[in-house]
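Fold and contact review
Given next are the chains, with one letter for each unit.
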Amino acid sequence: MSAVAKLLAQKEQLLARLDPGPNERAEIQALLSKIETALKLLGSQYSTAAVADE
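Residues numbered from 1 in each chain as written. Predicted model: local features only at pLDDT ≥ 70, side-chain atom pairs only at ≥ 80, totals over all residues. Heavy atoms only, no water.

Things to note about the overall build of the chain
What counts here: Going along the chain from the N terminus, every DSSP run of H or I of four or more residues is numbered as a helix, and every run of E of two or more is numbered as a strand. A 1.4 Å probe rolled over the protein chains alone gives each residue an accessible area, and that area as a share of the maximum for its type sets the label: buried under 20%, exposed over 50%, partly exposed in between. Per-residue and other accessible areas were derived by the Shrake-Rupley procedure at a 1.4 Å probe size, with only the shown protein chains allowed to occlude residues.
Tallying secondary structure elements over the chain gives two helices and zero strands in all. A buried classification covers 13% of the 54 residues belonging to the chain. Total accessible area on the chain stands at roughly 4,200 Å², and carbon and sulfur atoms take up 56% of it.

Section: the nonpolar core
Nonpolar side chains in soluble globular proteins generally cluster together in the buried interior. Going by this rule: Among buried residues, those of type Ala, Val, Leu, Ile, Met, Phe, Trp, Tyr and Cys that are joined through side-chain atoms within 4.5 Å constitute a nonpolar core. In what follows, residue pairs with any heavy atoms lying within 4.5 Å of each other are defined as contacts.
Counting residues in each nonpolar core, the largest one holds seven residues, listed as Leu 7, Leu 14, Ile 28, Leu 32, Ile 35, Leu 39 and Leu 42. Within the residue set of this core, elements represented by two or more residues are α1 (3-16) and α2 (22-53). Apart from the residues within four sequence positions on either side, Leu 32 is in contact with Lys 11, Leu 14 and Leu 15.

Structure below.
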C-alpha cells in the first residue's frame, strides 16, 4: 500500500470518528492536520518528480 493510500485510509478512519468528546476531537483534528500536511508534501514530491521526468 502506498504512502498516499495509507494516509487517505487514516484520514477516512479519523473522519468516521468525528463525534467524540472535546479532548479526543482536538487529538483527531491534530492528526488530520498532520495527514493533510503529509499528503501535500507527497503531492509536491510527485509533481516535482513528474516535471523532472519530462
